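Chain by chain, the residues run as shown.
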Amino acid sequence: MKVYEAIVRGLEDIGVEAAFGGAGENTAGLMLALKHSQRIRPIITRHEQAASFMACGYAMYTNKLGFCFATAGPGAFNLFSGLAVAMSDSYPVLAVSGYASRKWQGWGSLNETSGMNRTPDSRAMFAATTKKSFLLTDAADTCDVLEEAVNLAFEGRPGPVHIHVPEDLTERGVEVTDVRPIRLDVAPVLPDPAVVEEIASVLADAIARRKRIVALAGFGAVRSGAGAEIKRLIERFNFPLLTTLDGKGIVSEGHPLSLGVFADSGHASAWKAFREADVVLCIGNSLNQHATFNYRRDLFNGKLLVHVNISGTEFRKAYKPDHALLSDARPAVAALVEALERKVVGEVPPAKVDGRDHEARPITHVTGQIHPGELAQAIGRMLPERGVLLADAGAHLAWLGYYVELEEGQNFRKAGSFGPMAGHVNGAIGLKVAQPDRTVVVGCGDGCYSLSGFELMTAVEHDIPVIWVIFDDQEFKLIKLYQMATYLETALVEFRNPDFAGYARACGADGYRVETIEEFEDAFHAALRSGRPTVIDARITRWAVPHYSPSPDGVIAGLVEALEERLRQSS
């Protein structure tokens, strides 16, 4: 069996059902092996970067391995953005790339990346963007290297791994003679019972002393499938629930104890509950920049921080927890609930919670074009049961996170800490391949879609019915707002768009251009009925500004702080 045939066989062993890649001479054998696979669906993308994003989407909610591949040299380098996303956002992804023949190493052959004699060093570059990068040096090691790589991808906090396959290992006559089944044997990250008891005692004491406790859930809780456990926790002990943007929907956002998103573009009801809390129980989140108001130093002043996370490195970042529980979120919360049940007898007094401000917040129409908040509300109303809404980087993310209210079983995912503009424009295709029974909707800016919307042709070719909703205002809104706030002027943020709907139809997809909410609702309903790839070009007003505050004390307080900081810098 040839090397690439052995790799495909091993991927089949662990349940991989899709492969996303770019065509190339160094991976020609892999493309042939995938052609003959009865279990793995091969999808060749227009650009390898898209393949890496699709692998992330495939792994996003499935706990399956996302797999992408590329040829040597430039093709392989195009995988870096997706691998960086997998690293920051905790997706188990395997990338396989070609590598120039070692017998010519150092001679500057086509696509050589040995790092010798003015060639780039791909081994160092992949090592910097993955948990580990492997160079396969002997065909006999193929199964051992593959098994080590895929287990590492799932170990602890999931992430990407990579394998270089030199071209000389794919030559005629090179065989893998000891092909064997690949085993996934990843130990779950379970909580230490002694630490659970310690934290349960702390929480039970806080409950007895009528301290205010809030739970703050992030994507780690969603990925762990901890929704039922968190719901039981907050209902039994009357903890108000706040979420990060990626934690939306862990419990229905209409639940009486669900107070919305805690972030700089979040809800005042969540900000208020956090300010008044004495104890914050963080579950499966990394306390990253936008969820902490740019790592605000005084964020946890006067509060007890209890942090549950699958990765110990999260406890050594901007905020040191008073109590840390190293564990996957679901077993951790289950263990905490069980321990608290033994310590807290009887009913817990109801929590005092304020209503969700985004429900009543009026939307003022400044022009005749669609207000992006209204567009977000419409998407939220019509998103089907178990639907997934993905948002790329941009102002539209703030609108969607603020105005869309999710039910249990629905999911929302923003661009992660690495933050590529077009990650979800393409990642949605991988997500839909992994979970074809779920409606997948992308809310994206026109700048995001313009970066890589040509993968619509990939969706059409493979009949992958994603719905893309383009927030079209012909400008880089978030950059413009930043320029205005920082420099009091703007530059190079406006551009002209093509007819996105016409482009979609030219590619063989459905395309709609809408200028009113009524037109959008008709187009969205049609997209849901058709089961076809669909682009909806929604012309939104430029005059709307996302809900935002640099301070958890509220918008006015945040503006005052910003003004004071500006005065200090100018004095």
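Keep in mind it's a predicted model, so treat the numbers as computed, not measured.

(A) Spatial organisation of the pattern of salt bridges. Tallied over the entire structure, the rule returns 35 salt bridges. Asp168 is the partner of Arg102 in a salt bridge, and the nearest nitrogen-oxygen pair spans 2.6 Å. Remark: Asp168 occurs in the loop between β6 (160–166) and α8 (193–208) and Arg102 occurs in the loop between β4 (93–99) and α6 (122–128); sequence separation between them is 66 residues. Of the charged contacts in the structure, one is a salt bridge between Arg183 and Glu147, with a shortest N-O distance of 3.7 Å. A residue pair is termed long-range when its members are at least 10 positions apart, and Arg183 in the loop between β6 and α8 and Glu147 in helix α7 (residues 142–154) qualify at 36 residues. Of the residues examined, Glu147 reaches a relative accessible area of 14% and is grouped as buried. Salt bridges linked by common partners bring Glu475, Lys477, Lys480, Glu494 and Arg542 together as one network.

(B) Spatial organisation of the sheet that holds strand β7 (residues 213–217). With parallel pairing, the 6 strands of this open sheet are ordered in space as β9-β8-β7-β10-β11-β12. Either end of the sheet is taken by a strand with one partner, and the two such strands are β9 (258–261) and β12 (323–326). Recorded for the sheet is a direction-independent mean angle of 15° between the axes of neighbouring strands. Note: β7 against strand β8 (residues 241–243), 3 bridges, orientation parallel. Looking at β8, one finds that Ala215 is bridged to Leu241. Together, β7, β10 (279–283), β11 (304–309) and β12 form the strand contacts of α8, whose direction differs from that of β12 by roughly 135°.

Criteria and thresholds
- Residues numbered from 1 in each chain as written.
- Predicted model: local features only at pLDDT ≥ 70, side-chain atom pairs only at ≥ 80, totals over all residues.
- Heavy atoms only, no water.
- Salt bridge = Lys/Arg side-chain N within 4 Å of Asp/Glu carboxyl O.
- Helix = DSSP H or I, 4+ residues; strand = E, 2+ residues; numbered from the N terminus.
- Buried < 20%, exposed > 50% of the residue type's maximum accessible area, 1.4 Å probe, protein only.
- Pairing = 2+ DSSP bridges.
- Axes fitted to C-alpha atoms, helices over the stretch in contact; angles between N-to-C directions.
- Contact = heavy atoms within 4.5 Å.

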